Amino acid sequence: MSVLLNTDAATMSPVALFLQADIVVKFVMLGLLAASIWTWTIIVSFALKLGRTRTKIDRFERDFWKAEDIDAFHRIEGDSDLPIAKVFSSGVAEWRRSTANGAVDRGGTRERLATAMGASVAHEIDKLSDRLNILATVGAVAPFVGLFGTVWGIMRSFTGIAQQQSTSLAVVAPGIAEALFATAIGLFAAIPAVIAYNRFSHGINRIEARLNRFADGFHATLSRQLETEARR
């Protein structure tokens, strides 16, 4: 008894597997491909965004610590959309509000400065992390969507066996192949998303640490200024 096997290169190509797939598996494949394209778009844009942000933070910190006049520096850099500039501006704004009157509560001023800049750091990190949750979602969900396509394709294969009353590979192979192809697409979408999410999370954590260090250093500078004004 001979076993027929129709698995030539053309039949088993990705395009052929998609075209011969069940309509449900086709929707699964198209959804996963769309998720993969979306994921790579986010990865590329986010990588460029983090790179530019780190470079600009380096320049800002270098210029800030060289500046001799904080007010003059604020007039130049205070309107920047850079996260570290927002933290700096929040500290300057709170300093001006707290020292507007003649009598200055040094302890209260220090606490308000720390609170204002800490809140600014948290707000800027939230903005910087925008769309990062999409990578986490794709990384968690895509394998299960691909698994759904796999299960559906295997069910289709068993249906073909029952209809043709044959267990030859010619009957089973197409359904199994399209099922495994759906799993492969799911992994193709999920693996880069998980790797990118972990790398970007690490990068954002490093930027958050830098913003906190800058806020601490600026807070110390303003605290010394409070001591100087108190002795006058």
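Residues numbered from 1 in each chain as written. Predicted model: local features only at pLDDT ≥ 70, side-chain atom pairs only at ≥ 80, totals over all residues. Heavy atoms only, no water.

> If you had to explain the overall build of the protein chain to someone new, which residues and values would you point to?
Helix and strand counts for the protein chain come out as 7 helices and 0 strands. Counting from the amino terminus, helix and strand elements in the protein chain follow one another as α-α-α-α-α-α-α. Look at the contacts in the protein chain between residues 6 or more apart in sequence, and 80% of them connect residues 24 or more apart. Counting only carbon and sulfur atoms, one obtains 61% of the accessible surface of the protein chain, whose full area is about 13,300 Å². (Helix = DSSP H or I, 4+ residues; strand = E, 2+ residues; numbered from the N terminus. Contact = heavy atoms within 4.5 Å. Areas by Shrake-Rupley, 256 points an atom, 1.4 Å probe, with all protein chains shown as cover.)

> Can you explain a positive patch on the surface? Please cite residues and give values.
Where like charges cluster on the molecular surface, the positive patch consists of Arg54, Arg199, Arg206 and Arg213. With 3 residues, helix 7 (residues 169-230) is the single largest residue contributor to the positive patch. Relative to the helices and strands, arginine 54 is located in helix 2 (residues 23-66). (Patch = residues over 30% accessible without salt bridge, like charges linked within 9 Å, V, L, I, M, F, W, Y side chains within 5 Å. Salt bridge = Lys/Arg side-chain N within 4 Å of Asp/Glu carboxyl O. Lys, Arg positive; Asp, Glu negative; His and termini not counted. Charge placed at Lys NZ, Arg CZ, Asp CG, Glu CD.)

> Describe a nonpolar patch on the surface, and please don't skip the residues or the numbers.
The grouping of Phe144, Leu147, Phe148, Val151, Trp152 and Met155 at the surface amounts to a nonpolar patch, some 610 Å² of accessible area in total. Inspection of the secondary structure assignment puts tryptophan 152 in helix 6 (residues 132-164). With relative accessibility at 32%, the residue tryptophan 152 sits in the partly exposed group. (Buried < 20%, exposed > 50% of the residue type's maximum accessible area, 1.4 Å probe, protein only.)

> Tell me about the packing of aromatic side chains, and name the residues and values.
Under the definition given, this model contains 14 aromatic pairs. A ring pair is formed by phenylalanine 64 and phenylalanine 214, whose centres lie 5.0 Å apart and whose planes are at 70°; its orientation type is edge-to-face. One end of the pair, phenylalanine 64, is in helix 2; the other, phenylalanine 214, is in helix 7, and 150 residues separate them in sequence. We note that phenylalanine 64, like phenylalanine 214, is buried. Over the face of the ring belonging to phenylalanine 46 we find lysine 49, whose NZ or CZ atom lies 5.9 Å from the ring centre. (Phe/Tyr/Trp six-rings, centres within 6.5 Å; stacked < 30°, edge-to-face > 60°. Lys NZ or Arg CZ within 6 Å of the ring centre and 35° of its normal.)

> Kindly report on the nonpolar core, identifying the contributing residues and their values.
By size, the foremost hydrophobic cluster in this structure holds 48 residues, and its most contacted members are Phe60, Phe88, Phe200, Phe214 and Phe218. When residues of this core are traced back to their parent elements, those giving at least two are helix 2, helix 4 (83-98), helix 5 (106-128), helix 6 and helix 7. Residues in contact with phenylalanine 88, not counting those within four places in the same chain, are Phe60, Phe64, Ile70, Phe73, His74, Phe214 and Phe218. (Core = buried A, V, L, I, M, F, W, Y, C linked by side-chain atoms within 4.5 Å.)

> A description of helix 3 (residues 70-77) should follow, citing residues and the corresponding values.
Among the residues of helix 3, those classed as buried are Phe73, His74 and Glu77. Seen end-on, helix 3 carries its buried residues on one side only, within an arc spanning 100°. Those residues of helix 3 that are exposed and angled more than 90 degrees off the buried face are Arg75 and Ile76. Buried residues in helix 3 make contact with helix 2 and helix 4. (Arc of directions from axis to C-beta.)

> Kindly report on the confidence of the model for the protein chain, identifying the contributing residues and their values.
Model confidence for the protein chain is summarised by a mean pLDDT of 84, while 84% of its residues fall at 70 or above. Residue range residues 1-10 is modelled with pLDDT below 50. Its contacts to residues more than four positions away, or to other chains, number 13 contacts. (pLDDT = per-residue confidence, 0-100.)

> How would you explain the pattern of salt bridges if you had to name every residue and give the values?
Side-chain pairs of opposite charge can arise whenever the charged atoms involved come near each other. Throughout the structure, instances matching the rule amount to 9 salt bridges. With a closest N to O distance of 2.9 Å, arginine 97 and glutamate 94 form a salt bridge. Taken together, the positions of arginine 97 and glutamate 94, both in helix 4 and 3 residues apart, correspond to about one turn of that helix. Residue class for glutamate 94 comes out buried when judged on its relative accessible area of 9%. Here the salt bridges share partners, and the residues they tie into one network are Asp58, Glu61 and Arg210.

> Please give an account of the side chain of serine 223 that cites residues and values.
By secondary structure assignment, the location of serine 223 is in helix 7. Residue classification places serine 223 among the buried positions, given a relative accessible area of 11%.

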